[in-house]
Amino acid sequence: MILVTGGAGFIGANFVLDWLDGVDEGVINVDKLTYAGNLGTLKSLHGDPSHIFVRGDICDRSTLDLLLARHQPRAIVHFAAESHVDRSIHGPSDFVQTNIVGTFTLLEAARFYWNALPADERDAFRFVNVSTDEVFGSLEQSDAPFSETSLYTPNSPFSATKASSDHLVRAWHHTYGLPTLTTHCSNNYGPYQFPEKLIPLMIINALANRQLPVYGDGQHVRDWLYVGDHCSAIRKVLAKGRPGESYNIGGCNEVKNIEVVHMLCDLLDDIRPKRKGSYRDQVTWVTERLGHDRRYAIDARKLGRELGWKPDETFESGLEKTVKWYLEHEQWADETTSDEFQDWLQINCQKRA
Ligand code: NAD
Ligand code: DAU
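Let me begin by describing the structure that accompanies this report. (Residues numbered from 1 in each chain as written. Chains lettered and ligands numbered in written order. Predicted model: local features only at pLDDT ≥ 70, side-chain atom pairs only at ≥ 80, totals over all residues. Heavy atoms only, no water.)

### What about the site of ligand 1?
Thought 1: Around ligand 1, 28 residues are found, and the nearest of them are I11, D31, S83, K162 and N188.
Thought 2: With respect to ligand 1, the backbone of L33 contributes an N or O atom lying 3.4 Å from an oxygen atom.
Thought 3: A distance of 2.7 Å is found between an oxygen atom of ligand 1 and a side-chain nitrogen or oxygen belonging to S83.
Thought 4: In the complex, the protein chains occlude 96% of the 830 Å² of accessible area that ligand 1 would expose alone.
Thought 5: It is strand β5 (residues 126–132) that provides the largest number of residues to the shell around ligand 1, a total of 3 residues. (Near = heavy atom within 4 Å. Polar contact = N/O pair within 3.5 Å; in protein donor to acceptor, adjacent residues only side chain to side chain. Areas by Shrake-Rupley, 256 points an atom, 1.4 Å probe, with all protein chains shown as cover. Helix = DSSP H or I, 4+ residues; strand = E, 2+ residues; numbered from the N terminus.)

### Regarding the nonpolar core
Thought 1: Membership of the largest hydrophobic core comes to 71 residues, with the highest contact counts inside it found for F15, V77 and I199.
Thought 2: What I199 contacts, discounting residues up to four positions off in sequence, is Y189, W224, V260, L264, F315, L319 and T322.
Thought 3: Ranked by size, the runner-up nonpolar core spans 20 residues in total, among them L64, L67, L107 and V169. (Core = buried A, V, L, I, M, F, W, Y, C linked by side-chain atoms within 4.5 Å. Buried < 20%, exposed > 50% of the residue type's maximum accessible area, 1.4 Å probe, protein only. Contact = heavy atoms within 4.5 Å.)

### Quick word on the sheet that holds strand β11 (residues 246–249)
Thought 1: Strand order in this open sheet of 7 strands is β3-β2-β1-β4-β5-β6-β11, and the pairing throughout is parallel. Only two strands of the sheet have a single partner each, and these edge strands are β3 (51–55) and β11. Each strand axis lies, on average, 20° off the axis of its neighbour in the sheet, ignoring direction.
Thought 2: The pairing of strand β4 (residues 75–78) with β5 spans 4 bridges and is classified as parallel. (Pairing = 2+ DSSP bridges. Axes fitted to C-alpha atoms, helices over the stretch in contact; angles between N-to-C directions.)

### A closer look at empty space enclosed by the protein
Thought 1: With the rule as written, the count across this model stands at 3 cavities of 30 Å³ or more.
Thought 2: The volume enclosed by the second largest cavity comes to roughly 50 Å³.
Thought 3: For the second largest cavity, the full set of lining residues is V85, I89, E134, N155, S156, R222, R289, L290, G291, H292, D293 and Y296.
Thought 4: Across the lining of the second largest cavity, the residue classes break down as 4 nonpolar, 4 polar and 4 charged. (1 Å grid on protein atoms, 1.4 Å probe; cavity = no way out; pocket = protein on both sides within 12 Å on 5 of 7 lines; lining within 4 Å. Points joined across faces, edges and corners; volume = space filled by probe spheres on them. Nonpolar A, V, L, I, M, F, W, Y, C, P; charged D, E, K, R; others polar.)

### Some remarks on unusual backbone geometry
Thought 1: Backbone geometry at L33 places phi at a positive 55°, although glycine is not the residue there.
Thought 2: Not every positive phi belongs to a glycine, and Q72 is a case in point at roughly 50°.
Thought 3: Residue placement: Q72 occurs in the loop between α2 (61–71) and β4.
Thought 4: With a relative accessible area of 44%, Q72 lands in the partly exposed category.

### A few points about the site of ligand 2
Thought 1: Neighbouring ligand 2 are 24 residues; S83, D133, E134, R289 and H292 lie closest to it.
Thought 2: With respect to ligand 2, the side chain of N187 contributes an N or O atom lying 2.7 Å from an oxygen atom.
Thought 3: Here an oxygen atom of ligand 2 sits 2.9 Å away from a polar atom, N or O, in the main chain of Y215.
Thought 4: Out of a free accessible area of 690 Å², ligand 2 has 94% covered by protein chains.
Thought 5: Looking at the shell around ligand 2, the elements that each hand over two or more residues are α7 (198–207) and β8 (212–215).
Thought 6: Per-class residue counts for the shell around ligand 2 are 10 nonpolar, 8 polar and 6 charged.

### A look at the state of the cysteines
Thought 1: Scanning the model with the defined rule gives 0 disulfides in all.
Thought 2: Not engaged in a disulfide, the cysteine C185 finds its nearest cysteine sulfur in C231; these two sulfurs lie 9.2 Å apart. (Disulfide = S-S within 2.5 Å.)

### Details of the pairing of strand β2 (residues 27–31)
Thought 1: Of all 5 residues in β2, 5 are buried, a share of seventy percent or more.
Thought 2: Every second residue of β2 is oriented toward a common face, with V27, N29 and D31 on one face and I28 and V30 on the other, all of them buried.
Thought 3: Bridging between strand β1 (residues 2–5) and β2 involves 4 bridges; their strand directions are parallel. Within β2, the residue paired with V4 across the bridge is N29.
Thought 4: Following the chain from β1 across helix α1 (residues 10–22) to the adjacent parallel β2, one finds a crossover that is right-handed.
Thought 5: Pairing of β2 with β3 involves 5 bridges; the strand directions are parallel. Bridge pairing in β3 places V30 opposite V54. (Right-handed = clockwise from strand over helix to strand, strands pointing away.)

Pasting the structure below:
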């Protein structure tokens, strides 16, 4: 078996669903079910003995020790995190707790478990730390994309806690020999993404005839990757990556925010036209995010060269799939968007009024 943390969130759940679809090996899925975790996403696995879901906190050492001892996983894939930059600016405390203390607790549980394994199982054991490109800070337009050796320059409370988490993982490899691997991925999009993030928020707001809030001048650049391609890259890193190494994951899809929003509006205009006008009419310019990183771009050549990974989706094909998925799963979005989420939208909106 493998143990996955945060497997009820956006990327973790896509990873678990893809894994159980393609591999004959079970998953223990530990997730705290914060506002971002959703068991509805894993509904198709109900009753499947190869998926063991445990509602648990990665800061809780005794739960982790118990699960490792009971299920004896051969690997840990660590997705659990507080992941939204705007929320980290509003209230960083949960980010410090889960992203730093949680990763520390998981590393310690993994180290004690791993130390007690027989030699051949110790050699085969892997700890994959799913990190982000944001730890490298912000690029100017003329800068080369981030490589695995780019300097850590985190700018937001979110990215600072992810950077701390990466440093702990690195040290646990260097000092204790724990076979860790870290991945740095660019912005993901696709099915089951919580609608606080740019792409699903724009789709859901557009359909509800609400404003499409674009921060600042809308010229910020993100390097978009379809979530299924991120999951296939993590599987490659888990199977063939070299312990102690880090691997960048990205799709070579640098797009300005306003262009992303316009592409989404145009797709919706085609697939589900409004009675009058275009979805573009709902675009609203709002106040800048504090400390807003201008540009992210990823150089993923190492992953291609060493592990033979390449993405399947272009940004156009992935975006069309995503828009169609949200149109076909409006109930999932309704169930996901709780009162807490409506409150968050109010808070975020008032700050930018
Ligand atoms: P998400 O916010 O959608 O999901 C996070 C999951 O972690 C949720 O299910 C939540 O319940 C769970 N969780 C939170 N705190 C926990 C705790 N203390 N114990 C156990 N579970 C807890 O996040 P995501 O977008 O799926 O991101 C997953 C990972 O991938 C994160 O580490 C993130 O930094 C990284 N990442 C995300 C992106 C992106 O674009 N979304 C890009 C690169 C890297
Ligand atoms: O780069 C990887 C990171 O991508 C992940 O590590 C993070 O977990 C993930 O949240 C994401 O961070 P971003 O801040 O880039 O994603 P977000 O979807 O929040 O915003 C994308 C861009 O769109 C960013 O420049 C801010 C802008 N934006 C966002 C929202 C929610 C808007 O203009 N309007 C909005 O309403």
